[in-house]
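Here's the letter readout for the chains.
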Amino acid sequence: MKSFHMLDGVTYNLDQLLTKNLRARSPATQVLSGKSISASSTENIDLSGLDGYSAVIIIVKATYNASATSGVRVRWLYSPDGSNFDSTNDAEDAGNYEDLTFSAGATRQRTILIPILSDDMRVQIANQDDSKAVTVSAWKVLLS
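Quantities reported herein were computed from a predicted structural model and do not represent experimental measurements. Each chain has its residues counted from 1, running along the sequence as written. Local features in this predicted model are restricted to residues of pLDDT 70 or higher, and side-chain atom pairs are both shown and tallied only at a pLDDT of 80 or more, whereas totals for entire chains, interfaces and linings draw on every residue. Just so you know, side-chain values use all the structure's heavy atoms and leave hydrogens and water out.

**Quick notes on the pattern of salt bridges**
To keep it simple, the criterion reads: Between Lys or Arg on one side and Asp or Glu on the other, a salt bridge is scored when a side-chain nitrogen of the former is within 4 Å of a carboxyl oxygen of the latter. Numbering goes from the N terminus for both helices and strands, where a helix is a DSSP run of H or I of at least four residues and a strand is a run of E of at least two. Relative accessibility under 20% of the residue-type maximum defines a buried residue, over 50% an exposed one, and the middle range a partly exposed one, all with a 1.4 Å probe and only protein chains included.
Applying the stated criterion across every chain, the model contains six salt bridges. Among the salt bridges present, the one from Glu92 reaches Arg73, with a minimum N-O distance of 3.0 Å. Here the residue Glu92 occupies a position in helix H2 (residues 88-93), and Arg73 occupies one in strand E6 (residues 72-79), the gap between them amounting to 19 residues. Here Arg73 falls in the buried class, since its relative accessible area comes to 13%. Taking the shortest distance from any N to any O, the salt bridge between Arg75 and Glu92 comes out at 2.4 Å. Of this pair, Arg75 sits in strand E6 while Glu92 sits in helix H2, and the two are 17 residues apart along the sequence. The exposure class of Glu92 is partly exposed, given its relative accessible area of 25%. Because the salt bridges share partners, they merge into one network encompassing Arg73, Arg75, Glu92 and Asp99.

**Concerning unusual backbone geometry**
Backbone geometry at Ser40 places phi at a positive 55°, although glycine is not the residue there. Note that Ser40 resides in the loop between strand E3 (29-37) and strand E4 (42-47).

**Thoughts on the sheet that holds strand E5 (residues 55-64)**
Consider a sheet: its strands pair through backbone hydrogen bonds, and that pairing is either parallel or antiparallel. Selection rule: Only strands joined by at least two bridges in the DSSP assignment are considered to pair. What counts as an axis is a line fitted to C-alpha atoms, over the stretch in contact for a helix, and the angles between N-to-C directions run from 0 to 180 degrees.
As summarised here, the arrangement of the four strands in space is E3-E10-E5-E8, forming an open sheet in which the pairing is antiparallel. At either margin of the open sheet sits one strand with a lone partner, and together these are E3 and strand E8 (107-115). Put simply, the sheet's adjacent strands are angled 15° from each other on average, direction ignored. Judged from the six bridges that link them, E3 and strand E10 (residues 134-143) form a sheet pairing that is antiparallel. The residue of E10 that forms the bridge with Thr29 is Lys140.

**Observations concerning the environment of Gly82**
Tracing the backbone shows Gly82 in the loop between E6 and H2. Take Gly82: its relative accessible area is 34%, and that puts it in the partly exposed class. Taking C-alpha positions, Gly82 is 8.6 Å from Arg122, a pair spaced 40 residues apart along the chain.

**Here's the deal with the packing of aromatic side chains**
To keep it simple, the criterion reads: Two rings belonging to Phe, Tyr or Trp (six-membered ring only in the last case) form a pair when the distance between their centres is within 6.5 Å. Interplanar angles under 30 degrees mark stacking, angles over 60 mark edge-to-face geometry, and anything in between is tilted. Geometrically, a lysine NZ or arginine CZ counts as sitting over a ring once it is within 6 Å of the ring centre and also within 35 degrees of the ring normal.
Evaluated as defined, the whole model comprises one aromatic pair. Ring centres 4.9 Å apart and planes at 70° place the aromatic pair Tyr64 and Phe102 in the edge-to-face group. With a gap of 38 residues between them, Tyr64 in strand E5 and Phe102 in the loop between strand E7 (97-99) and E8 connect regions that are remote in the sequence. Here Phe102 falls in the partly exposed class, since its relative accessible area comes to 31%. A cation sits over an aromatic face here: Arg122 above Phe85, 4.0 Å from the ring centre.

Structure follows, in structure tokens:
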């Protein structure tokens, strides 16, 4: 790796500068792995310590039952204290959700960019099917 010289006479390794000081995102971290979400149920992913980040990327992979009739909704709820979150109705009214495409028996994956507006938030994965479970894996990436 080549080095470059700063005006104050200190030499920095370019690789160290880019990885330590200009890192734009965290590594992907799996937050759900093959989680079965029963019919008409929701799985919560609570995120805290988000101060200093501007957005979170949530990648959701859902495998639908061959007899399923409805898909998965991902919504995000903000909290001022990690205990009190937006209601699901208000989150949806504000457009704070994305639906994965649906096809019975198929696996679908969607990458969702969510703005961080508070230090704490909850990402909900909701199974909208009223009779069949869905299997879900999810990852998060934080953006500075």
